[in-house]
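Secondary and tertiary structure notes
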Amino acid sequence: MAKIVIDPLTRIEGHLRIEAEVSGGKITEAWSSGTMFRGVETILKGRDPRDAWVFTQRICGVCTTVHAICSVRAVEDALGIQVPPNARMIRNILEAIQYVQDHVIHFYHLHALDWVDIVSALDADPAKTSQLAQSISDWPKSSATYFKGIKERVAAFVKTGQLGPFGNAYWGHPAYKLPPEANLMAVAHYLEALEWQREVIKAHAILGGKNPHLQTYLVGGMSCPVDPNSQAGLNADSIAFLKELFTKAREFVEKVYLPDVLAVAPFYLDWAGIGEGLGNFLSFGDFPLTDTRSSDNPGNLFLPRGVILNRDLSTVHPVDQKAVTEYVTHSWYSYEDDKKPKHPWQGETRPNYTGPKPPYQYLNTAEKYSWLKAPRYNDQPVEVGPLARMLVAYAAGHERVKYWVDAALAKLGAGPEALFSTLGRTAARCIETVVIAEQLIPWTDELAANIGKGDLRVHEQKHWDPSAWPAEAEGWGWTEAPRGALGHWIRIKSGKIENYQCIVPTTWNASPRDANGRPGAYEASLAGTEVADPEKPLEILRTIHSFDPCIACAVHLVEPRGRKFKSFRVC
Amino acid sequence: MAKRWNFTSGPEGVGEGGVLEALQRKGISRREFLKFCAIIGAALAVPVEGVGKIAEALASVKRPPVIWLEFQDCAGCTESFLRASRPTVAEIVLDLLSVDYHETIMAAAGKQAEEAKEATIKEGGHIVIVEGSIPTKEDGIYCCIGGRTAVEILKEATRGAAAVIAVGTCAAYGGLASAKPNPTGAVGVRDLVNNVPVINLPGCPVNVVNITATVVHYLTYKSLPELDAWGRPLFAYGKRIHDNCERRAHFDAGQFVESWGDEGHRKGWCLYLMGCKGPETYSNCPTVRWNEGTNWPVGAGHGCVGCTQPGFWDAMTPFYRRLPKVPGFSVESTADDVGLGLTAVAAVGVAAHAAGSVLRRKSEKIEESKE
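Reading guide: rules and limits
Residues numbered from 1 in each chain as written. Chains lettered and ligands numbered in written order. Predicted model: local features only at pLDDT ≥ 70, side-chain atom pairs only at ≥ 80, totals over all residues. Heavy atoms only, no water. Helix = DSSP H or I, 4+ residues; strand = E, 2+ residues; numbered from the N terminus. Rg over C-alpha atoms; globule rule 2.2 N^0.38 Å. Contact = heavy atoms within 4.5 Å. Areas by Shrake-Rupley, 256 points an atom, 1.4 Å probe, with all protein chains shown as cover. Lys, Arg positive; Asp, Glu negative; His and termini not counted. Charge placed at Lys NZ, Arg CZ, Asp CG, Glu CD. Buried area = accessible area lost by both parts, 1.4 Å probe. Salt bridge = Lys/Arg side-chain N within 4 Å of Asp/Glu carboxyl O. Nonpolar A, V, L, I, M, F, W, Y, C, P; charged D, E, K, R; others polar. pLDDT = per-residue confidence, 0-100. Pairing = 2+ DSSP bridges. Axes fitted to C-alpha atoms, helices over the stretch in contact; angles between N-to-C directions. Buried < 20%, exposed > 50% of the residue type's maximum accessible area, 1.4 Å probe, protein only.

1. Regarding the overall build of chain A
Helix and strand content of chain A: 16 helices and 16 strands. Computed over the C-alpha atoms, the radius of gyration of chain A is 24 Å, within 12% of the 25 Å expected from 2.2 N^0.38 for a compact globule of 571 residues. A fraction of 75% describes how many contacts in chain A between residues 6 or more apart in sequence connect residues 24 or more apart. For chain A, the accessible surface area stands at approximately 17,700 Å², while carbon and sulfur atoms represent 51% of it. If the 60 positive side-chain charges of chain A are averaged to one point and the 65 negative ones to another, these points end up 4 Å apart.

2. So, the interface of chain B and chain A
Each partner contributes to the interface: chain B provides 104 residues, whereas chain A provides 105 residues. Together chain B and chain A conceal approximately 9,000 Å² of surface at their shared face, both sides included; 58% is due to carbon and sulfur atoms. It is Trp260, Arg266 and Tyr320 of chain B in chain B that bury the most area against chain A; as a group they hold 8% of the surface buried on that side. For Lys111 of chain B, the salt bridge is made with Glu535 of chain A, and the minimal N-O distance between the two is 2.1 Å. Here the side of chain B that touches chain A gets seven residues from one element, more than from any other, and that element is helix H6 (residues 110–123) of chain B. Residues belonging to the side of chain B that touches chain A are distributed by class as follows: 46 nonpolar, 32 polar and 26 charged.

3. Quick notes on unusual backbone geometry
Each neighbour pair has its own omega, and for Pro358 of chain A with Pro359 of chain A the value is -5°, a cis peptide bond. Within the secondary structure, Pro359 of chain A sits in the loop between strand S12 (350–351) and strand S13 (374–377). Of note, the bond from Lys180 of chain B into Pro181 of chain B is cis; its omega dihedral lies within 30 degrees of zero at 5°. Even without a glycine there, the phi angle at Ser494 of chain A is positive, about 50°.

4. Quick notes on the confidence of the model for chain B
Residues and elements named next belong to chain B. Mean pLDDT over chain B stands at 82; residues scoring 70 or higher make up 71%. The model gives residues 1–16 a pLDDT under 50, and that stretch makes 41 contacts with residues more than four places away or in other chains. This stretch, residues 328–332, has a pLDDT under 50; its non-local contacts, to residues over four places away or in other chains, come to ten contacts. We note a pTM of 0.90 for the whole complex and an ipTM of 0.95 for its interfaces.

5. Considering the sheet that holds strand S3 (residues 26–34) of chain A
Residues and elements named next belong to chain A. The strand order across the open sheet built from three strands is S1-S2-S3, with neighbouring strands paired in antiparallel fashion. Whereas interior strands pair on both sides, the edge strands pair on one side only; in this sheet they are strand S1 (2–6) and S3. Pairs of neighbouring strands in the sheet enclose a mean axial angle of 20°, with direction left out of account. Direction of pairing for strand S2 (residues 16–23) relative to S3: antiparallel, over a ladder of eight bridges. Bridged to Ala20 within S3 is Ala30. Against the sheet, helix H15 (residues 538–546) engages S1, S2 and S3, with an angle of about 130° to S2.

6. Comments concerning the pairing of S13 of chain A
Residues and elements named next belong to chain A. Neither face of S13 is exposed, since Ala374 and Arg376 on one face and Pro375 and Tyr377 on the opposite face are all buried. In the sheet, strand S10 (residues 324–327) pairs with S13 via four bridges, with the strands oriented antiparallel. Its bridge partner being in S13, Tyr327 is matched across the sheet by Ala374.

7. Notes on the sheet that holds strand S14 (residues 472–481) of chain A
All names here are of chain A. Taken together, the three strands give an open sheet; going across it, the order is S14-S15-S16, and neighbouring strands pair in antiparallel fashion. Unpaired on one side and paired on the other, S14 and strand S16 (496–503) mark the two borders of the sheet. Neighbour-to-neighbour, the strand axes of the sheet open up by a mean angle of 15°, direction not taken into account. Examined bridge by bridge, S14 and strand S15 (residues 484–493) share ten bridges and lie antiparallel to one another. Paired with Gly477 across the bridge in S15 is His488. Strands in contact with helix H3 (residues 66–79) are S14, S15 and S16; relative to S14, the strand with the most contacts, it is inclined by about 150°.

So this is what it looks like as structure tokens:
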């Protein structure tokens, strides 16, 4: 039986390795391994809880901001802090534009090359490309001259013989199905999206000082002052700047991203039946539209909280954070009993690397094989991410989600069952982007209106000084990161962090097997997939990329004890 | 010694006309090109007559191959790189450099990705950009790519390289993963690489303006920019934030923010009492700002956290604690004169390979690379 290894699995955040057994041209079993580890949670121990968000934000620079929000919410939950409305609204706006920008980058720069053959674009007729583009959207950059220019640019680039990041890929693979004109259009939009993402994320600089790694979060609120009568605070000019950026953001999503997904999908409809995975979905929900009293009682959430089991869209189960546990049976850590899972507040963790000594060819997948733990909900593996959120919202009757999901399915002539797939994940991400992009301006107007009422508060203040804190406290923070449900669990003692644990979207999705041998979402979704050429396993990339992996996020705590330290000098 | 990159004649098959011709083929006019050179010149603080030299160098140079390695990283520096505007990331990738390996953006995966990297290394003379720290504990098993440790990969990739650019504080000094208790034995590039010039561009993340300017400086002058004791280019890290801060006048006037959202906060007063680390931090943040000059952390009402300084995760925390004393006000001081003494106290782990020797080593390396 042949074993395929993809390492590094590129066009993701972080270091992911996939091993898959192939028999008769089909994957029989797959293993997902995170191969990098830093120990952020260990580093947090003993520090000031108000500093934690600065550290945790660095868990990931692709999903920048989300670990900051989650962290301040965890501390606020522990200390019983309710942030002022302005802070809640600013956080929603920051996270919303993060979704929109990050999802577009994922589609064009990380995922598209699984479906788009750049080399084939060189055969495209610019006039026909223009016709195609104009038939799906009224986006202005669509003339034959424009596409001719793009084609010439690509041709000149190829002619240099230095293909840079586009070299040595799977170009010409039989699984690429798009006509040359669609490929050329996608290449043009790849380049346009590069410009666009840089522009729209300036909203983070306005409200957060910079992007990546914003710097205005605070336990208890935000540090960006609001004051219509000051040039140092958020005023009418900054609101106008935000709205200008958000108009551009929404326009690109509705006139380029959505039409592209709907135009490409019909060529790959077979992928609506591939890559399903677990059939269980979890969403913590996000974007509180009312004041949050606690993490268990977050108020009215724009994207709802819930669990869907066994593809059953008729029931949305409530979420209880106490039902979250993690196994280390197949992870390079040890518990007293490796077969029993633990809740994050219990949080006792020891590293136990038992993998092969590098350089290695294969991992020992029968034993421990990843730096990721295996989180479970009610002891079940679940999938998180845009598909989970859209399914929970759809099943809960969310008006805008239902409208866009139904519209997309109608356009593709498919039923809701098509969503449980690789293509479904990619489509759900796009639909979510449309739904969130619609909210950017209304939410900014809401903030402006609240400021207009004379409410200039951005911070709670009462609990800023640790002398106002109880001797001991515990709490949890929740976020829906672009990649899925994110939770931080904290215990505070005498004003310091006693314990900190993160369970991150990709930990759920890229999880290794648990004590009962149940695979995680990646592993389950690859089983049964046909691989045309084991030397060029494009099919594996398609499904794994449909989850939008973020491995730096996913890797967990470690606490090395008594291991020998060996230092190196390379040259 | 492996073949060094020759900046005036490059490999075959790239076209004879260099970057300018490549740009012109893509519809970029000579005027636009010169404008770009002028902007870069401004970033590098070269006199106007120097702009012609930049243009000349870029017009004749071929696209130097780059291998971008990610180790214990968060991809934040990669994301920052994607925000490049002058030139844009598309221009960097298509017209200026040949980014032959970069896990986050490259089309190839697995075996094919590794082969692309090996081919570039074999040719030699490439630039290695490193993002993220390198774990050294337990034989390096805390970061493996393609079944090999980060330590091994770095060793292989830097052999025969023209230069290494460590982007972000993790690659430069160990950064986040090396914060106490440094569970994985994380270190920066200079702790491991000592026979290739290493330029540090710290920041969390690095500001892309500084990557662009460093690369262009290298292409233009065929040498490294002058570095301070921490291996940072003086053109970007030569001045203290506090001395260039837009809120400095409020510090001098004794006008301070005292609680979040108070009147002083809304009016843009000094954040010193809220823990701002600007008085101990060297960076061009206040002048180049972020996201095409849109804003910077102090401009958005939060203190500087000192992210360009070695060991800042330990030396600058708790972030909201006021600095015990503010060093002298001289705007002429560089980190070597003032900041070194302050930061070295808290960053002893990084101090070993710094100070004094760096400038001398740099000039030796340039001589070596001319062989």
